[in-house]
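Given next are the chains, with one letter for each unit.
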Amino acid sequence: AQLAMPLSLEVTPELTLFAGGQSRSVQAYRPDEGRLEAVVGWYPQRVATGSLARFRDESFGSVGGLVYDRAAGKISLSETSAHRLHVVHVANPADEGSWEIEVLAGGEEGALDGPLANARFREPGGLFLDEARSVLYVADTGNHAIRAIDLSAGLDTADVSTVAGT
């Protein structure tokens, strides 16, 4: 396996995910198949893939952190250089290679709590998912803070709050 500057990893019985930092990618290793596959990020290919997580877009930034929600089958990741959080899921259960990506929050640099759609981050890095409480914690590196996203009521009504730091 060739990994470029791994910054974060998530290990489950089914797979191990590696966040590639400056390589702008996330790769998955599946022990039962013994192979490493591209899941998320910038890949040089001849055609754009729309909302698929493997896309041809050089503006996709460095990946700082990731978590895997086994129950929902979703990956959350932080795109540090673009101040964004993403959620990735399999679009077609019959094709595990059909990962889709969408922005979960952010995009504009800042520090703003409140509804997820309006939240702002500055260089988000490490992530931790408290599955029992349905809370996603974000190390908001550029704001020197730990932020919490309450996912218990779903993404449409999720709120972001600062739980530690400035």
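Scroll up for the structure.
These numbers were taken from a predicted model, which means no experiment stands behind them. (Residues numbered from 1 in each chain as written. Predicted model: local features only at pLDDT ≥ 70, side-chain atom pairs only at ≥ 80, totals over all residues. Heavy atoms only, no water.)

> For this particular structure, what's the right way to read the overall build of the protein chain?
Within the protein chain, the secondary structure is distributed over 0 helices and 14 strands. Listing every helix and strand of the protein chain by position from the N terminus yields β-β-β-β-β-β-β-β-β-β-β-β-β-β. Counting every position in the protein chain, which comprises 166 residues, the buried fraction comes to 44%. For the protein chain, contacts bridging at least 24 residues in sequence account for 33% of all contacts bridging at least 6. For the protein chain, the exposed area adds up to about 8500 Å²; of that, 50% sits on carbon and sulfur atoms. (Helix = DSSP H or I, 4+ residues; strand = E, 2+ residues; numbered from the N terminus. Buried < 20%, exposed > 50% of the residue type's maximum accessible area, 1.4 Å probe, protein only. Contact = heavy atoms within 4.5 Å. Areas by Shrake-Rupley, 256 points an atom, 1.4 Å probe, with all protein chains shown as cover.)

> What should I look at first to understand the pattern of salt bridges in this one?
It is possible for side chains of opposite charge to pair when their charged atoms get near one another. With the rule as written, the count across this model stands at 6 salt bridges. Between Asp130 and Arg133 there is a salt bridge whose closest N-O contact spans 3.8 Å. On the accessibility criterion, Asp130 (17% relative accessible area) is buried. Its relative accessible area of 52% is what places Arg133 among the exposed residues. Counted as one network, the salt bridges with shared partners bring together Asp113, Asp140 and Arg147. (Salt bridge = Lys/Arg side-chain N within 4 Å of Asp/Glu carboxyl O.)

> Where do I start with unusual backbone geometry in this structure?
When glycine is set aside, most residues are seen to have a negative phi, and most peptide bonds are trans. One non-glycine residue, Ser134, lies in the positive phi region at around 55 degrees. Within the secondary structure, Ser134 is located in the loop between strand S11 (124-130) and strand S12 (135-140). The exposure class assigned to Ser134 is partly exposed, which follows from its relative accessible area of 29%. The phi dihedral of His144 falls on the positive side, at around 55 degrees, and the residue is not glycine. Within the element layout of this structure, His144 appears in the loop between S12 and strand S13 (145-150).

> What is the right way to look at the packing of aromatic side chains in this model?
The relative placement of two aromatic rings is captured by the distance of their centres and the angle of their planes. In total, this model carries 1 aromatic pair according to the counting rule given. Lying across the ring of Phe121, Arg147 places its NZ or CZ 4.6 Å from the centre. (Phe/Tyr/Trp six-rings, centres within 6.5 Å; stacked < 30°, edge-to-face > 60°. Lys NZ or Arg CZ within 6 Å of the ring centre and 35° of its normal.)

> How should I be thinking about the sheet that holds strand S14 (residues 159-165) in this particular structure?
Strand-to-strand pairing in sheets goes through backbone hydrogen bonds, with the strands running parallel or antiparallel. The sheet built from 5 strands is open, its strands ordered S10-S14-S13-S12-S11 with antiparallel pairing. Every interior strand has two partners, whereas the edge strands, strand S10 (114-115) and S11, have only one. By the bridge criterion, 6 bridges tie S12 to S13 in an arrangement that is antiparallel. Looking at the pairing, Tyr137 lines up with Ala148 of S13. (Pairing = 2+ DSSP bridges.)

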